[in-house]
Amino acid sequence: MDAIMLQEKLVERLLCHRVKTSRQKEKQYVGFATLPNQVHRKSVKKGFDFTLMVAGESGMGKSTLVNSLFLTDLYKDRKLLNAEERINQTVEIIKHTVDIEEKGVKLKLTIVDTPGFGDAVNNNECWKPITDYIDQQFEQYFRDESGLNRKNIQDNRVHCCLYFIPPFGHGLRPVDVEFMKALHEKVNVVPLIAKADCLTPNEIKKLKDRVREEIERFGIKVYQFPECDSDEDEEFKQLDKELKECCPFAVIGSNTVVEARGQRVRGRLYPWGIVEVENQSHCDFVKLRNILIRSHMHDLKDVTCDVHYENYRAQCIQDMTSKMTQDNRMESPIPILPLPTPDVETDRLIKMKDEELARMQEMLNKMQQHIHDGKD
Amino acid sequence: MLLGSWVRGPLSLSGHVGFDSLPDQLVNKSTCQGFCFNILCIGETGIGKSTLMDTLFNTNFENCESSHFEPQVKLRAQTYDLQESNVRLRLTVVNTVGFGDQMNKQDSYQPVVDYIDRQYETYLQEELKIKRSLHNYHDSRLHACLYFISPSGHSLKSLDLLTMKKLDSKVNIIPVIAKADTISKSELHKFKLKIMSELVSNGVQIYQFPLDDETVAKVNTTMNGHLPFAVVGSTEEVMVGNKVVKARQYPWGVVQVENESHCDFVKLREMLICVNMEDLREQTHTHHYELYRRCKLEEMGFRDTDPESKPVSLQQTYEAKRTEFLGELQRREEEMRQLFVQRVKEKEAELKEAEKVLQGRFEQLKRLHAEERGALEEKRRVLEEDQSSFSKKRAAAQLLQAQSLNANGKKDKDRKTSGFM
């Protein structure tokens, strides 16, 4: 079967949890099999939101890729800085929000851009504005969640960060490693190899292996695709395995339409040939799009909520309570269950009592032994 | 007074003399000697410097991949002997290692500047030697610097601008756009314009191919307009049509390195090697090296004209410096001598003081000694007196006793026990 068709099947499988119910007169019919349908209906009504962050040096093709992914132009009238202006540039955070709709499903898409990252001559701690931004969103959500009126909470948390690795080197550079390590516990990091049309297939494979090995060596926790269930069929599993082995994706972006093989496709025109963005043998754009949008968008959101946000929240609360015991305050600014704080005094008492108990136990044993011996 | 005349304007010759063979003689001599060329390649790790050198010189220089995690920028120089027809070339390729990889790149240009200056310095030292062998000297000064620009498609990077500004007065800079097969034609045109305008607006002087020689002026003018050259390097060979060419094979096509509609590699090779190599060497010697030499000598205090604006020869300046130096030495010596004398005097005074004190003590001791002696003498006299009086008394007593014994006889036997025996 064609690879594209297989992927379509995968997408369908993940989307369609709808089960066609049929009234079976022989069995007892309750009716909760329609729940998936109800969930589907409600979610369409509510609409979805997704926040995507793009990071990487300027000239890596981030804007082009985002435009290609969502088939829209988010960067009209963008001003690019000169080299001179960039010598001491600081990193900015710019948000673009659009509402897009497809087959009745509404998506509020926010792209968080990070112009200036890695562009200055001195890039020490250039990721700080970015981590601060992510933490700010978490803090905002935390406050909203803990507030009294929780009707209209806006979820501005960053669900995914696409990091663009330049294809011109031999692997990761110090700035790449530092950035990913600063962010891997705050957001889902998906590394990409940018501008992959400067690498031959061999070179792509070598670079991917190198990057994967360096990611493991430096202990960077990039976003892991969830394991598929063991009861799925073989081709699904095969596809899943292929996708995982393709990481990091080597992408090419384009907004211009060119004519290739008699069709109009999105691509880049060179004197020696045409690179088709959606051709799987040219680059991994399609795989990225499927993962990001068609199959794993919700999982990315779930991991952000269940893992990154919860970590942040637990850390925040711990900091707050430790501060509180230091300052001897009893009320907290947010409603939380009183944690059994490890108090130094009580710890000591507990230890003492434990020791006493142990000693008593020993004495008892000795006495018993003595009695036992005495009997004999 | 010297007599002489100089007839300006070409004198017509009535026959063939033969000095038109001078250029050939020169050529023969230099071919025998062999040529030397030194290139510096500056660019980020992995940008294709080694591959381009391999492609340009059609050989394999066996470079190993560098790591991205070098703590500082270093330079690595390798020298090769190449030969084409009967022309021998000693080529030195200097590559930067770790350029652009550090987090803080403010000082990245410094090792490069230091290296270039070192080569000029060694040449200057050789030139200033008393016994010098310039004709044998292996010229290590860098004749050309290829600056590899990353193909972002937008503009120069801030590091590029900073580095080129520091280097443009020291070496001939030829900027090239590396890995140009990732930029489409329309993007390339815009990119080149943007780069050149940024260089101009920041006052960076890159190497312009010379226009003074009519035979090459035309081609050089055209080429100047194509700067910076967008190059692609490859040592792999691919079959295209019925020929085997150096190329890069992609799923969507084959990029041929020597195809002028694919990239500017041929232009670079022609300009750098075929047409202007000698001019690059000349520019380095007459322009960049002279500038370095002038700055260095001025630092050392040499001038071409003295304060009254009269021309001063190097010898005069040298003599003046020498006398100044010697005078300085003498002054120092004098100072030291005076210091020495003073110290000696001080020490002498100290010693005298000490001597006096000792003398005083000696006197005192002597006095004490004499006093003791006197006292002792006195005591001895008293003792002697006592002794003599005692012995007198004893003698008198013995006498008395003897007399009483004789007088009393046996009657006083028991009286012997008493008395003062």
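Everything quoted here is computed from the prediction, not taken from an experiment.

Comments concerning the interface of chain B and chain A
Listed per partner, the contact involves 44 residues of chain B and 54 residues of chain A. Between chain B and chain A, the buried area comes to about 4000 Å², and carbon and sulfur atoms account for 55% of it. Interface area lost by chain B to chain A is led by Phe69, Met103 and Trp252 of chain B, which between them contribute 21%. Along the contact surface separating chain B from chain A lie five salt bridges. The salt bridge partner of lysine 206 of chain A is glutamate 65 of chain B, with a shortest N-O separation of 3.8 Å. Here chain B is connected to chain A by 16 residue pairs in polar contact (both at pLDDT 80 or more). Contributing elements (two or more residues each) for the side of chain B that touches chain A: helix 4 (158-167), helix 5 (185-201), strand 8 (243-250) and strand 9 (253-256) of chain B. Of the residues in the side of chain B that touches chain A, the class split is 14 nonpolar, 19 polar and 11 charged.

Observations regarding the sheet that holds strand 6 (residues 229-230) of chain B
Residues and elements named next belong to chain B. Pairing within the open sheet is mixed, and its six strands lie in the order 2-3-1-4-5-6. The sheet is open, and its two borders are formed by strand 2 (74-84) and strand 6, each paired with just one other strand. In the sheet, strand 4 (residues 144-149) pairs with strand 5 (residues 173-177) via five bridges, with the strands oriented parallel. Considered in strand 5, the bridge of leucine 146 is made with isoleucine 174.

Considerations on empty space enclosed by the protein
Applying the stated criterion to the full structure yields six cavities of 30 Å³ or more. Taken as a whole, the largest cavity encloses approximately 160 Å³ of empty space. As for the largest cavity, its lining consists of 21 residues, of which Glu44, Lys105, Lys157, Leu159 and Asp160 of chain B are closest to the centre. Broken down by secondary-structure element, the contributors of at least two residues to the lining of the largest cavity are strand 4 and helix 4 of chain B. Taken together, the residues of the lining of the largest cavity break down into eight nonpolar, six polar and seven charged. Roughly 80 Å³ of volume is contained in the second largest cavity. Along the walls of the second largest cavity sit 13 residues, with Pro166, Phe168, Gly169 and Arg173 of chain A together with Glu44 of chain B positioned nearest its centre.

Comments concerning the UniProt feature "site: Important for dimerization" (unreviewed entry) in chain A
The UniProt record marks Phe168 of chain A with the feature "site: Important for dimerization" (unreviewed entry), using the residue numbering of this structure. By secondary structure assignment, the location of phenylalanine 168 of chain A is in the loop between strand 4 (160-165) and helix 6 (174-183). The contact partners of phenylalanine 168 of chain A, leaving out residues within four places of it in the chain, are Met60 and Cys198 of chain A together with Thr45, Gly46, Ile47, Ser150, Pro151, Lys179 and Thr182 of chain B.

So, helix 6 of chain A
Residue and element names in this part refer to chain A. Where burial is concerned, most of helix 6 is hidden: seven out of the 10 residues are buried. Buried residues of helix 6: Pro174, Val175, Asp176, Val177, Phe179, Met180 and Leu183, and no others. Residues of helix 6 that are buried sit in contact with strand 1 (48-55), helix 5 (128-146), strand 4 and strand 5 (189-193).

What counts and what doesn't
Residues numbered from 1 in each chain as written. Chains lettered and ligands numbered in written order. Predicted model: local features only at pLDDT ≥ 70, side-chain atom pairs only at ≥ 80, totals over all residues. Heavy atoms only, no water. Contact = heavy atoms within 4.5 Å. Buried area = accessible area lost by both parts, 1.4 Å probe. Salt bridge = Lys/Arg side-chain N within 4 Å of Asp/Glu carboxyl O. Polar contact = N/O pair within 3.5 Å; in protein donor to acceptor, adjacent residues only side chain to side chain. Helix = DSSP H or I, 4+ residues; strand = E, 2+ residues; numbered from the N terminus. Nonpolar A, V, L, I, M, F, W, Y, C, P; charged D, E, K, R; others polar. Pairing = 2+ DSSP bridges. 1 Å grid on protein atoms, 1.4 Å probe; cavity = no way out; pocket = protein on both sides within 12 Å on 5 of 7 lines; lining within 4 Å. Points joined across faces, edges and corners; volume = space filled by probe spheres on them. UniProt positions renumbered as here; feature names shortened; annotations may be inferred. Buried < 20%, exposed > 50% of the residue type's maximum accessible area, 1.4 Å probe, protein only.

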